[in-house]
Amino acid sequence: MSAEIIRIEPNSSVNEVVAAGSDCYNFVLRGATKLECIESSWALPLHSTAVLQEGHAWKLSAAEGNCDAIIPGSGIKLPGFVGGVLVSERSRLPVLDVPEQMKKRYYILGKETAPTARGHAMIVDYVAETFTPLHYHPNADSMFILLEGSIRFFFNNEKEVV
């Protein structure tokens, strides 16, 4: 998995085409953006997401001031998202409350929202002092983006606070 964090300055934009065999997933980390694709446009406030189908040209511009967006790519040659464009604000994403694990999952990408065999993405909202046992996903990459607060990770049996 690869990803790019882009900073969009006022009065500038990023223009791309979703590569063949890939999906495109945009997530607004800071500020607000405007997405243009398939002769339509959407306002993307903070923590909004956009899933784009392969082959579509798109433009992302700063709505006001600077904004940051993360754009992970998917080059996995599996069936992809076929809905054109799906835009969601965090408050409108499907949520699964998992009280026994002290967390909530907000689904961005997967069977709950934007079906694709190329990836799975969610925002996980942890309650303080939540503990997740050491584990790994043998058939998937994992990417963690801390939106607020801090978290402890263990890498090679050593604690790292982010």
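Refer to the structure above for everything that follows.
Below or above, wherever it landed, is the structure these notes cover. Just so it is clear, the structure is predicted and the values come from calculations on it, not from any experiment.

Observations regarding the environment of Phe-27
Tracing the backbone through its elements, the reader meets Phe-27 in strand β3 (residues 24-30). Assessed through its relative accessible area of 10%, Phe-27 is described here as buried. Once the C-alpha coordinates of Phe-27 and Arg-105 are considered, the two residues, 78 residues apart in sequence, prove to be 16 Å apart. Once you skip the residues sitting within four places of it in the chain, Phe-27 turns out to touch His-47, Ser-48, Thr-49, Asp-68, Ala-69, Ile-70, Ile-108, Ile-123 and Leu-147.

Details of the sheet that holds strand β5 (residues 40-44)
Taking strand neighbours across the sheet as the criterion, the four strands line up as β2-β7-β4-β5 in an open arrangement whose pairing is antiparallel. A strand with exactly one partner marks an edge of an open sheet, and here the two such strands are β2 (13-17) and β5. Strand after strand, the sheet turns through a mean of 20° between neighbouring axes, direction not considered. Two elements, strand β4 (residues 33-37) and β5, share five bridges in a ladder whose sense is antiparallel. Bridge assignment links Leu-35 to a residue of β5, and that residue is Trp-42.

Scoring rules and cut-offs
Residue positions are given per chain, counted from 1 along the sequence in the order it is written. Given that this is a predicted model, residues contribute local features only at a pLDDT of at least 70 and side-chain atom pairs are listed and counted only at 80 or more, while totals for whole chains, interfaces and linings are drawn from all residues. Just so you know, side-chain values use all the structure's heavy atoms and leave hydrogens and water out. Only DSSP runs of H or I reaching four residues or more are called helices, and only runs of E reaching two or more are called strands; each is numbered from the N terminus. Three exposure classes are used, based on accessible area relative to the maximum for each residue type with a 1.4 Å probe and protein chains only: buried under 20%, partly exposed in between, and exposed over 50%. Whether two residues are in contact is decided by their heavy atoms, any of which lying within 4.5 Å being enough. By the convention used here, strands pair only if DSSP detects at least 2 bridges between them. Note on geometry: axes are C-alpha line fits, over the in-contact stretch for helices, and angles between N-to-C directions span 0 to 180 degrees.

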